[in-house]
Amino acid sequence: MNKKVAFYTLGCKLNFSETSSIGRIFSDAGYETTPFNSQADVYVINTCSVTDHADRKCRKVVKEALKHSPNAYITIVGCYAQLKPKEIAEIPGVDMVLGAAEKFNIIEHINDLTKEKKTIIHNAPIDETNQFVSAFSIGDRTRTFLKVQDGCDYSCTFCTIPLARGASRSGKIEDVVRQAEEIAASGVKEIVLTGVNIGDFGVRDGKRQDKFLDLVKALDEVEGIDRIRISSIEPNLLANEIIEFVAQSKRFVPHFHMPLQAGNNKVLAQMRRRYKRELYAERVAKIRSLMPNCCIGVDVIVGFPGETREDFIDTYNFINEMDISYLHVFTYSERENTIAAQMEGAVPGVQRSDRSKMLHILSEKKRRAFYESQLKKVGEVLFESDVKEGYMHGFSKNYVKVRTLYDPLLVNEIVPVKFIAITENGEVDIEALPEVLAH
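These remarks concern the structure in this document. Keep in mind that this is a model prediction, so the values were computed, not measured.

### Observations concerning the pattern of salt bridges
Two side chains that carry opposite charge are able to pair once their charged atoms sit near each other.
Here comes step 1: If you walk through the whole model with that rule in mind, you get 30 salt bridges.
Here comes step 2: Its salt-bridge partner being Asp175, residue Arg178 comes within 2.8 Å of it at the nearest N-O pair. With Arg178 and Asp175 both in helix α7 (residues 173-185), this residue pair falls three residues apart, about one helical turn.
Here comes step 3: Overall, Asp175 belongs to the partly exposed group, its relative accessible area being 29%.
Here comes step 4: Two residues, Asp323 and Arg288, come together in a salt bridge whose shortest N-O distance is 3.0 Å. Here Asp323, found in the loop between α12 (309-321) and β17 (326-331), pairs with Arg288, found in helix α11 (residues 277-290); they are 35 residues apart in sequence, far enough to count as distant.
Here comes step 5: You can call Asp323 partly exposed: its relative accessible area is 46%.

Written as structure tokens, this is what we have:
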């Protein structure tokens, strides 16, 4: 009987792509992958250091795994494992903790699954983590997350990612293209490019050898992939040339997610962001001038140390006046070993929460306005396999979420539709165009 392994992923799209790749390493070693809520010999939990309560979430997931298999071998990997290996080692039931450099050698470390009295930690200093390991997620039939870059050379005062993932590094363009071709051959219709700072693509062996635009141009030629989506890109790295290329490309979709973090220049400077708000507004205006129907997503942090109510209102008004489509709102929380954690002017928790609520409401208004601007227009929707209360869902190129009554023939199909009305759940009802009614 083959040994069984189960996976649980906390955090970002990059983590999901890496979990998938670790899963393939186990498959190659003869393991059978099983759902996390079933019995397994090994449970691998891929952790995150950006989301709140990393320790509590990790403990809870370990506890769940041991409910299904009390004698299973529990391994923790990921950003939290790199930053706090000793804390994780104290969680009851954890057998091994693997840092950033060791997680892709997991099979060599696990060996015969013998449970020792003391948790084993393999955790090299982060400055020794300088090799790029490619990864992509397979499992979702419609969309794959393809890792093209890792690490970050920026020094934002709130962020632990450089401590957890090391310096910026990437693969070769020809290797990324080859993986995209492999993904295309599996029948996947959409690739989402992911990384820590993907606009910084092109650094190998500590030197810049390529540009992100070169990668984008090469991937646009990959046959068999209908759509390529850029997951998130820093505004200072989203050059006009990239925007101009995406606007006329064959495969890149009109959807950009650009972290803003604050719409007040004083706060941006304290965060050590590499732009002022004026540059951000220029990028949005450039996108809109070339792609009027483009979806533009924005990351923003509320309650950063020293952020006064006036600073926050400045951010609120700046976002409100921009033609963007939705927000991802993060409430600032202190992180050990970051400059921001030592800053004066901590914002009380109640105020952080109030500011977060205001921006969440603004995000809903922006999303609704964006969806309303698309009504009566025609778009192409890639349908997914999930079914909820008799409905299936899909996304247009410009990231409008639609629903229609479940039809198995539509799964992983790109269908031309007309956007009809916004539902009470904030999705869009559609009408299939006549040429596809006969599918």
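### Re the sheet that holds strand β11 (residues 190-194)
Here comes step 1: Ordered in space as β7-β8-β11-β14, the four strands form an open sheet in which the pairing is mixed. Only two strands of the sheet have a single neighbouring strand rather than two, namely β7 (135-136) and β14 (227-230).

### A look at the sheet that holds β17
Here comes step 1: On the basis of which strands lie adjacent, the open sheet formed by three strands has the order β15-β16-β17 and parallel pairing. The open sheet has two free edges, formed respectively by β15 (255-261) and β17, since each of these has just one partner strand. Strand-to-strand, the axes of this sheet are offset by a mean angle of 20°, without reference to chain direction.
Here comes step 2: Sheet analysis places β15 next to strand β16 (residues 295-302), joined by six bridges and oriented parallel. Paired with Pro259 across the two strands is Asp299, which belongs to β16.
Here comes step 3: Sitting on the sheet, helix α13 (residues 349-374) is in contact with β16 and β17, with an inclination near 170° to β17.

### Digging into the pairing of strand β1 (residues 4-9)
Here comes step 1: Taken together, the two bridges between β1 and strand β2 (residues 32-33) define a ladder with parallel strand orientation. When the sheet's bridge partners are listed, Val5 is paired in β2 with Thr33.
Here comes step 2: Crossover β1 to β2 through helix α1 (residues 13-28) is right-handed.

### Here we look at the side chain of Lys103
Here comes step 1: Relative to the elements of secondary structure, Lys103 occurs in the loop between β5 (96-98) and α5 (106-110).
Here comes step 2: If we skip the residues at most four places from it in the chain, Lys103 touches Glu18, Ile22, Val77, Gly78, Leu98 and Arg165.

### Focus: the nonpolar core
Here comes step 1: Counting 66 residues, the largest nonpolar core has Leu146, Leu193, Phe212, Leu219, Ile287 and Leu359 as the members making the most contacts within it.
Here comes step 2: Looking at which element gives the most residues to this core, the answer is α7, with six residues.
Here comes step 3: Each residue touching Leu146, except ones within four places of it in the same chain, is listed here: Ala135, Phe136, Val176, Gln179, Ala180, Ile183, Ile191, Val192, Leu193 and Thr194.

### A word on the packing of α7 against helix α8 (residues 212-219)
Here comes step 1: Between α7 and α8, the least distance of the axes is 10 Å, while the angle of their chain directions is 35°. Remark: the crossing between α7 and α8 carries right-handed chirality. Along its contact with α7, which presents Ile173, Val176, Val177 and Ala180, the element α8 presents Asp214, Leu215, Ala218 and Leu219.
Here comes step 2: Each residue belonging to the contact of α7 with α8 can be placed in one class, and the counts come to seven nonpolar, no polar and one charged.

Criteria and cut-off values
Residues numbered from 1 in each chain as written. Predicted model: local features only at pLDDT ≥ 70, side-chain atom pairs only at ≥ 80, totals over all residues. Heavy atoms only, no water. Salt bridge = Lys/Arg side-chain N within 4 Å of Asp/Glu carboxyl O. Helix = DSSP H or I, 4+ residues; strand = E, 2+ residues; numbered from the N terminus. Buried < 20%, exposed > 50% of the residue type's maximum accessible area, 1.4 Å probe, protein only. Pairing = 2+ DSSP bridges. Axes fitted to C-alpha atoms, helices over the stretch in contact; angles between N-to-C directions. Contact = heavy atoms within 4.5 Å. Right-handed = clockwise from strand over helix to strand, strands pointing away. Core = buried A, V, L, I, M, F, W, Y, C linked by side-chain atoms within 4.5 Å. Left-handed = near helix turned anticlockwise from the far one by under 90°. Nonpolar A, V, L, I, M, F, W, Y, C, P; charged D, E, K, R; others polar.

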